[in-house]
There are 2 protein chains.
Amino acid sequence: MEAADAPAGSRGTRRGARPGSAPGYASSSAPGVPGGGTGAGGTGDGSAGTARRARSPRAPYRRLSVEERRAELLRAALELFSRHAPEEVSLDDVAEAAGASRPLVYRYFPGGKQQLYEAALGSAAAELSLRFVEPLTGPPTARLGVVLDRYFSFVDEHAAGYAALLRGGSVAETARTDAIVDGVRRSAYRRIMEHMMVSEAGPRLALLVRSWISVVETAALSWLDEGRQIPQPELRDLLVDQFVAMFAAAAVRDRQCATVLRSFVSEEDDRGTGARLIAGVAEVLGSHGS
Amino acid sequence: MEAADAPAGSRGTRRGARPGSAPGYASSSAPGVPGGGTGAGGTGDGSAGTARRARSPRAPYRRLSVEERRAELLRAALELFSRHAPEEVSLDDVAEAAGASRPLVYRYFPGGKQQLYEAALGSAAAELSLRFVEPLTGPPTARLGVVLDRYFSFVDEHAAGYAALLRGGSVAETARTDAIVDGVRRSAYRRIMEHMMVSEAGPRLALLVRSWISVVETAALSWLDEGRQIPQPELRDLLVDQFVAMFAAAAVRDRQCATVLRSFVSEEDDRGTGARLIAGVAEVLGSHGS
């Protein structure tokens, strides 16, 4: 288990500290927080805290606003929940990683670990959804590739937590956590429709986009499960191809899918991905007598 | 809420009654079971059981073996869990639907509702997996279509329970229920590999098949969520096309996928689905200048 290694309020938390907000009522009674960016090192001498590990000595008093303190606790929680399944993380772990006391954590998150988990998940979901934002210009398959790269970075950074969450069966999974996950899916869905200039999707186009999102999730989970056997750039290109191929299959049966696909393909640099894919498939199938 | 309406040991339960097995130790102390097919009617005089409804009068004593009794309870549970989310079903509902007493249900399922739910789920999973069995002859896309029809019948029959289960977030969801769901996915995966004559799938072929299975699940859930807007036969054909299209896209990049796809296509009646799809896609894209 690792301690948080980024300074408070830095990247990785969407509910970041708001400088200048009211001083935290909690900070006077809580241990201070080690200075930002020093990592988990230190001399490791002090000792209260979790049963199994020594706690570092109280760091110099540092006044944090309520928002700053909350962001710091959240950041520590997110870091731990990213690297471990929810079952493996205790409230004491979070307190220790944030250099805070257990009572302080409870003051900010009276619901304890479950509340922290859901808040961390919400924060991660917001971060992930931001990665879906991409300008509406350039070849659509290139845009898709860029977003997929960012998505896989996220999956990589939050590997254990991501896998535990999407694989399900965790005691920390509730209707609320599922709603958060669904929110990310809906966000991905909306972005894709935006890039396709679709304001109202019929049932077949909607199903197509939802299906592809599930393919991406399946790919991400398999990628983690199988020890990242398929290199990430190849996986990205494969998923882009799957998008085009699935779209093409749907377009044969559905007018809206066909219209959107044509417009999509016309924006490609070389009218490329669709045509290249068809040529490639024809080649594969052309030699099927062998 | 409806009472079970099929006679004991009939279709719908894989752990069906074994005629001639030992008489149940439970039957002597438990209320009898109403004769098959009479529903929940009755004069409503005898009154133990659920708080909100009167119980039908004790039916003529009927001796059931342990296995028969267990199968009957399971069948009643499965029927209820198929039509309602786990949260909406009480142990009393199951007891009533099976014409049994609450203590009797607890005797067979000491873990109460959760155990009943998991047993019913296991029974449904076994039933679903059996629907994946299909002879290894004939055009592969036709075989896939037959199995998809059976799958969608299952989804239709177990609509509420299926949706609640796959959507997640239910309190009844545990690592065990997820393992059961994963077992069904693995079973589908193995069947597909069997039909493709693949004894050892590389990571790209494995990912392809897993991805398509997730597309089918997404389609089933969307189908239920959207009030079955897309007719089931169309959905089946679309999913078969998606299978071929996704396979084709993967085949362009992966030798094993290409080999398997060629063999697959060569078994088609008219070398048809792949070629038809490519022609259709080319047509859609051919007019993209318009």
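Residues numbered from 1 in each chain as written. Chains lettered and ligands numbered in written order. Predicted model: local features only at pLDDT ≥ 70, side-chain atom pairs only at ≥ 80, totals over all residues. Heavy atoms only, no water.

Points about the confidence of the model for chain A
The predicted coordinates ought not to be read in detail in places where the model reports low pLDDT.
All names here are of chain A.
Okay, step 1: Confidence along chain A averages 78 in pLDDT terms, with 72% of residues attaining 70 or more.
Okay, step 2: Confidence scores differ between elements of chain A, with helix 11 (residues 272-286) showing the lowest mean pLDDT of 65 and helix 8 (residues 203-225) the highest of 96.
Okay, step 3: Throughout residues 1-56 the model reports pLDDT below 50, and contacts reaching past four residues in sequence, or to other chains, amount to 121 contacts.
Okay, step 4: For this predicted complex, the interface confidence comes out at an ipTM of 0.76, alongside a pTM of 0.77. (pLDDT = per-residue confidence, 0-100. Helix = DSSP H or I, 4+ residues; strand = E, 2+ residues; numbered from the N terminus. Contact = heavy atoms within 4.5 Å.)

Focus: the domain arrangement of chain A
Residue and element names in this part refer to chain A.
Okay, step 1: Once the domains are mapped, chain A shows domain 1 (50-120) and domain 2 (131-289).
Okay, step 2: Counting the surface domain 1 buries against domain 2, the share from its top three residues, Ser82, Tyr117 and Glu118, is 52%.
Okay, step 3: Summed over the shared surface of domain 1 and domain 2, the result is one salt bridge.
Okay, step 4: Its salt-bridge partner being Glu118, residue Arg176 comes within 2.6 Å of it at the nearest N-O pair.
Okay, step 5: Linking domain 1 with domain 2 are five residue pairs in polar contact (both at pLDDT 80 or more).
Okay, step 6: Counting residues per element, the ones that place at least two in the side of domain 1 that touches domain 2 are helix 1 (66-83) and helix 4 (112-131).
Okay, step 7: Among the elements that line the side of domain 1 that touches domain 2, the one with the most residues is helix 1, at four residues.
Okay, step 8: In terms of residue class, the side of domain 1 that touches domain 2 is built from five nonpolar, three polar and three charged. (Domains from an automatic or database assignment. Buried area = accessible area lost by both parts, 1.4 Å probe. Salt bridge = Lys/Arg side-chain N within 4 Å of Asp/Glu carboxyl O. Polar contact = N/O pair within 3.5 Å; in protein donor to acceptor, adjacent residues only side chain to side chain. Nonpolar A, V, L, I, M, F, W, Y, C, P; charged D, E, K, R; others polar.)

Observations concerning the environment of Asp156(A)
All names here are of chain A.
Okay, step 1: With respect to the helices and strands, the residue Asp156 is situated in helix 5 (residues 140-157).
Okay, step 2: Judged by relative accessible area, Asp156 falls into the partly exposed class, the value being 37%.
Okay, step 3: Along the chain, Asp156 and Glu226 lie 70 residues apart, while their C-alpha atoms are 13 Å from each other.
Okay, step 4: Those residues in contact with Asp156, other than ones at most four positions away along the chain, are Trp223 and Arg228. (Buried < 20%, exposed > 50% of the residue type's maximum accessible area, 1.4 Å probe, protein only.)

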